[in-house]
Amino acid sequence: MTRDLYNVRSRPAEATAAPLTDEEERRFRAVLFSGLGNGIADHGYARSPAYTPEDRRRLVDVAHRLTAYWGQQVFVEAEDLTRLRLHLVGHEARPQTLPTPS
């Protein structure tokens, strides 16, 4: 069955987020450095959302900066498609085991 659509207009393209200015980028990375650094210092690891490649680049850069600041390697691993985990040695994520059928 074919239907005619009247008065249908295409919607304008969604406005994409404008990239951050250099000052905004510097301030955002400083916030990440402080927040994630505190989380790692308290628990040995910290999780952060990373929805875009730019988010992932920021988090990897923060891990490198924390490594240089502490003199101790901060590792980065993907937990899933939208979240990264930064951690110190000894605080790796435990592999999840699947339940075995009985």
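Residues numbered from 1 in each chain as written. Predicted model: local features only at pLDDT ≥ 70, side-chain atom pairs only at ≥ 80, totals over all residues. Heavy atoms only, no water.

### Describing the sheet that holds strand β2 (residues 75-80)
The condition that has to hold: Pairs of strands are assigned from DSSP output, requiring at least two bridges between the strands. Secondary structure elements follow DSSP: runs of H or I of four or more residues count as helices, runs of E of two or more count as strands, with numbering from the N terminus. In this description, a line fitted to the C-alpha atoms serves as the axis of each element, helices being fitted only across the stretch in contact, and the angle between N-to-C directions of two axes falls anywhere from 0 to 180 degrees. Any pair of residues with heavy atoms lying within 4.5 Å of one another is described as a contacting pair.
With antiparallel pairing, three strands are arranged side by side in an open sheet as β1-β3-β2. If you trace the sheet from one side to the other, it starts and ends with β1 (45-49) and β2, each paired once. Put simply, the sheet's adjacent strands are angled 25 degrees from each other on average, direction ignored. Docked against the sheet, helix α1 (residues 22-43) engages β1 and β3 (83-87), running at close to 145 degrees with respect to β1. Here helix α2 (residues 53-70) sits on the sheet and contacts β1, β2 and β3; the angle it forms with β3, its principal contact strand, is near 0 degrees.

### Overview of the pattern of salt bridges
To keep it simple, the criterion reads: One speaks of a salt bridge when a side-chain nitrogen belonging to Lys or Arg is within 4 Å of a carboxyl oxygen belonging to Asp or Glu. Each residue is placed in one exposure class: buried if its accessible area under a 1.4 Å probe, protein chains only, is under 20% of its type's maximum, exposed if it is over 50%, and partly exposed if it falls in between.
On inspection of all chains with the given rule, the structure shows eleven salt bridges. In this structure, R29 engages E25 in a salt bridge whose closest nitrogen and oxygen atoms are separated by 2.7 Å. One end of the pair is R29 and the other is E25, both in helix α1 and four residues apart, which spans about a single turn. Of the two residues examined, R29 and E25, each falls in the buried class.

### Points about α2
Quick reminder of the rule: To estimate the expected span of a helix, count its residues, drop one, and scale the result by 1.5 Å.
A rise of 1.5 Å per residue sets the reference length of α2, with its 18 residues, at 26 Å; its end C-alpha atoms lie 26 Å apart and thus fit the reference within 8%. Those residues of α2 that are buried are in contact with α1, β1, β2 and β3. The first or second residue beyond α2 is G71, which carries a positive phi of 75 degrees.

### As for α1
Between the first and last C-alpha of α1 there are 31 Å, a value that for 22 residues agrees with the 32 Å anticipated at 1.5 Å per step. Two residues or fewer after α1 comes G44, characterised by a positive phi angle close to 90 degrees.

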